[in-house]
Amino acid sequence: MHRWFEWFGLEGKFVLTVLLSLLALGMALVFRTPARWLMAAAMLCSSLGDLILANWRGLGSRMPIPSFYAGMLCFIAAHILYAAAFAGLVRRQGASVFNPGGRLALLLAAAVGTAVVIAALRRPGVDLRLLAACTGYLCIIGWMLMNVFALAWSAKGVHILTALGAFSFFLSDVIIGLDTLVHITAYSRYIWWLYPIGQLLMLLFA
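(A) Seen up close, the packing of helix H3 (residues 67-92) against helix H5 (residues 128-155). The geometry of H3 relative to H5 is characterised by a closest axis approach of 8 Å and an angle of 20° between their N-to-C directions. Classed by the angle they form, the pair H3 and H5 counts as roughly parallel. Helix-helix and strand crossings are classified by hand; for H3 and H5 the assignment is left-handed.

(B) Structural context of the layout of surface pockets. The volume enclosed by the second largest pocket comes to roughly 170 Å³. In this structure, the second largest pocket is lined by Phe31, Thr33, Ala35, Arg36, Met39, Leu89, Arg92, Gln93, Leu151, His159 and Ala206. Elements represented by at least two residues in the lining of the second largest pocket include exactly helix H2 (34-53) and H3. The element contributing the most residues to the lining of the second largest pocket is H2, with three residues. When grouped by side-chain class, the residues that make up the lining of the second largest pocket number six nonpolar, three polar and two charged.

Analysis parameters
Residues numbered from 1 in each chain as written. Predicted model: local features only at pLDDT ≥ 70, side-chain atom pairs only at ≥ 80, totals over all residues. Heavy atoms only, no water. Axes fitted to C-alpha atoms, helices over the stretch in contact; angles between N-to-C directions. Helix = DSSP H or I, 4+ residues; strand = E, 2+ residues; numbered from the N terminus. Parallel < 35°, antiparallel > 145°, perpendicular 65-115°, else oblique. Left-handed = near helix turned anticlockwise from the far one by under 90°. 1 Å grid on protein atoms, 1.4 Å probe; cavity = no way out; pocket = protein on both sides within 12 Å on 5 of 7 lines; lining within 4 Å. Points joined across faces, edges and corners; volume = space filled by probe spheres on them. Nonpolar A, V, L, I, M, F, W, Y, C, P; charged D, E, K, R; others polar.

This is the structure in structure tokens:
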């Protein structure tokens with residue numbers, strides 16, 4: 001998908017992530033709700049993570065820690081901000097994040113995460129530090145997924161599309177985990193389809 005956004009000589013990933021951040025900021029300025037400001041901050045953190053991981057203009061190389069971990073920290077911040085935004089929206093519905101939708105998300109994240117960890121442990125020479133970092137990351141994105149699914153369950157309507165977006169975002173991270181930990185690269189070409197579509201649905205239908 002990012003190849004469609006190679007405008008003005010700029011890399012498509014850069015243009016696409018900047019457009020998503022501008023959309024999030026624009027919606028925050030229009031609606032001016034705490035949830036919208038949190039989502040705008042989350043998308044800005046995501047864009048920073050994108051630029052670090054893509055080593056845009058050498059940004060990743062200038063990080064004080066390896067660029068993969070620096071990018072991961074940016075996305076951890078993004079998922080925490082998204083989780084806080086959607087938890088607030090669930091509370092506005094007078095619902096609990098542990099409703100059936102939230103529990104389904106936790107079960108899904110736990111099942112997929114366990115499968116990835118087992119596959120990684122079965123590979124010789126696995127980097128245990130990297131595995132621990134990715135496992136912690138998965139727990140955080142599972143928390144975000146729980147809050148979004150909880151909103152979709154309690155509010156229904158177009159919020160179902162928000163859950164679909166969060167699941168798409170989750171899948172993009174799972175593919176990165178498979179690539180990094182298990183060295184399964186066959187699905188990597190789908191990351192920049194699942195990731196921007198996921199973010200877009202979350203921003204538009206929250």
